[in-house]
Amino acid sequence: MPATGVRRLTTTLYGYAFLDDFVLLYPVYALLFADTGMSLWQISSLFALWSITSVALEVPSGAWADAVSRRRLLWIGPLLTAAGFALWVAVPSYGAFAAGFVLWGAGGALGSGALEALVYDELDHLGAADRYARVMGRARAARLAGTVVSLGLAGPVFAQGGYAAVGAASFLACVLTALTATRFPEHRVRPDTAGDSWATTLRTGLAQVRGDRAVRGALLLVPAVAAVWGALDEYTPLLVRDIGVAEATVPYLIMLIWAGVTVGSLLAGPAERLGPAGLATLLAGAALALAVGAASRSLAGIALVSLAFAGFQLAEVLADVRLQHRIDESRRATLTSVASLGTELATVATFGMYALLGTDLAHSTVFAVLAIPYAVTALALARARAATARP
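Residues numbered from 1 in each chain as written. Predicted model: local features only at pLDDT ≥ 70, side-chain atom pairs only at ≥ 80, totals over all residues. Heavy atoms only, no water.

Per an unreviewed UniProt entry, the protein carries the name Putative Filaggrin-2 and comes from Streptomyces afghaniensis 772.

1. A short note on the pattern of salt bridges
Here is the rule: The working definition used for a salt bridge is a side-chain nitrogen of Lys or Arg within 4 Å of a carboxyl oxygen of Asp or Glu. Each helix is a run of DSSP H or I of at least 4 residues and each strand a run of E of at least 2, with the numbering of both proceeding from the N terminus.
All chains considered together, the criterion is met by four salt bridges. Where Arg 143 meets Asp 20, a salt bridge forms, and the shortest distance between an N and an O atom there is 2.9 Å. Linking Arg 143 in helix α7 (residues 132-181) with Asp 20 in helix α1 (residues 2-20), this pair joins segments that are 123 residues apart in sequence. Where Arg 70 meets Asp 121, a salt bridge forms, and the shortest distance between an N and an O atom there is 2.6 Å. Separated by 51 residues along the polypeptide, Arg 70 in helix α4 (residues 70-90) and Asp 121 in helix α6 (residues 114-125) bring together distant segments of the chain.

2. Overview of the packing of helix α9 (residues 213-232) against helix α15 (residues 332-358)
Applicable threshold: To define axes, lines are fitted to C-alpha atoms, for helices over the stretch in contact only, and angles between the resulting N-to-C directions are given on a 0 to 180 degree scale. Convention used here: angles under 35 degrees read as roughly parallel, angles over 145 as roughly antiparallel, angles from 65 to 115 as roughly perpendicular, and any remaining angle as oblique. The crossing is said to be left-handed when, going from far helix to near helix, the turn is anticlockwise and less than a right angle, and right-handed when the turn is clockwise. Throughout, a residue-residue contact means that at least one pair of heavy atoms, one from each residue, lies within 4.5 Å. Each residue is assigned to one class: nonpolar for Ala, Val, Leu, Ile, Met, Phe, Trp, Tyr, Cys and Pro, charged for Asp, Glu, Lys and Arg, and polar for all the others, Gly among them.
Where α9 meets α15, the axes come as close as 7 Å, and the angle between the chain directions of the two elements is 40 degrees. Considered as vectors, α9 and α15 are oriented oblique to each other. Along this stretch, α9 crosses α15, giving a crossing that reads as right-handed. Taking contact as the criterion, the partners of Val 215, Leu 219, Val 222, Pro 223, Ala 226, Ala 227, Val 228, Ala 231 and Leu 232 in α9 are, on α15, Leu 335, Val 338, Ala 339, Gly 342, Thr 343, Ala 346, Thr 347, Thr 350, Phe 351 and Tyr 354. Across the contact of α9 with α15, the residue classes tally to 15 nonpolar, four polar and no charged.

3. A word on the packing of α6 against α7
Two quantities define a packed helix pair, namely the angle between the axes and the distance from one axis to the other. Put simply, α6 and α7 touch, their axes get as near as 10 Å, and they point 140 degrees apart. By the angle between their axes, α6 is oblique relative to α7. Two packed elements cross with a definite hand, and for α6 against α7 that hand is right-handed. Contacts between α6 and α7 pair Leu 115, Glu 116, Val 119, Tyr 120 and Leu 123 from the former with Tyr 132, Val 135, Met 136 and Arg 143 from the latter. Per-class residue counts for the contact of α6 with α7 are seven nonpolar, no polar and two charged.

4. Observations regarding helix α14 (residues 299-326)
What counts, and what does not: By this rule the span expected of a helix is its residue count minus one, scaled by 1.5 Å. For every residue, the accessible area (1.4 Å probe, protein chains only) is compared with the maximum for its type, and the residue is labelled buried under 20%, exposed over 50%, or partly exposed between those bounds.
Helix length check: α14 (28 residues) gives 41 Å between terminal C-alpha atoms against 40 Å at 1.5 Å per residue, within 8%. Among the 28 residues in α14, 20 count as buried, and that is most of the element.

Spelled out as structure tokens, the structure:
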């Protein structure tokens with residue numbers, strides 16, 4: 001029976017992850033805004049509104065997920081996103097775009113923290129918590145597959161039906177995501193927190209962070225691993241173009257990089273055995289590959305960047321695993337969302353640092369410089385391991 005339960009959970013999770021990133025609007029929504037007459041300032045303000053919404057709702061939504069049904073939030077979120085996409089296509093205007101981004105940000109925030117918490121607790125309920133790393137690694141690979149397939153289909157669908165067609169396809173994908181979420185099992189019992197408000201849940205969750213050094217370290221490790229490479233991903237087309245390849249070749253090299261990320265996700269299960277020393281070695285090796293690969297400004301260097309991103313993706317999954325193993329079930333979504341908030345803020349800071357450095361330096365040099373935080377994190381992990389081993 002446990003095997004059947006695990007199969008139902010993972011099948012639902014992989015389908016949910018694929019559909020959640022199967023959004024044909026991804027590569028063209030900026031074009032939609034421009035073609036509607038939005039200025040660059042207006043488009044930038046829309047992106048800022050999206051980020052602000054996500055940051056503002058990240059932690060409250062995680063605390064809410066610990067106080068109510070997590071499955072409920074996982075199907076409500078995609079419906080909010082679907083409503084936003086419908087607004088964009090039905091009444092294209094600045095107000096509709098802004099409302100759509102608020103809905104999309106809110107929908108994403110509802111799922112952040114709730115998904116990881118539900119999956120971990122269901123696996124734990126089935127006596128399979130040790131499979132969490134493998135399962136979440138495959139779920140991330142499913143997300144990547146959803147993104148790649150949507151990018152491949154967006155062109156022909158757009159050519160046939162324009163923004164209305166890609167918008168309708170994205171709306172339908174969101175509805176299917178919500179329907180898939182209703183199939184998630186949920187056996188969590190919350191006798192001690194059922195009447196708590198989200199604010200109470202948040203306060204008690206943060207108290208656990210303050211009172212437990214292991215939880216605090218695991219929580220801080222998530223943004224330390226996830227933020228920088230997550231921001232650098234946005235600049236990889238510029239890095240690739242600077243090595244002198246033709247514009248038409250850039251997408252293929254980007255696919256090479258994302259192939260590495262997918263491999264990193266799939267290695268999460270076997271790599272879960274890595275302790276702090278192994279994780280430190282992984283981060284140091286990935287940092288070295290990033291610095292050398294970016295600085296070489298060659299095709300071989302892009303392959304090294306792909307290898308580095310694979311290492312960072314793997315380390316990100318393992319950091320999440322360490323956090324889930326250390327936090328209490330009743331505060332799991334809350335503290336996972338706190339870690340996600342830290343990642344969001346650190347990512348924004350990395351964007352600012354990139355803009356500052358990129359004013360005077362080549363993209364290859366900026367990539368190499370931004371490998372340094374990973375070397376520092378690896379050193380901190382190694383020193384913490386040595387301090388723990390000391391009698």
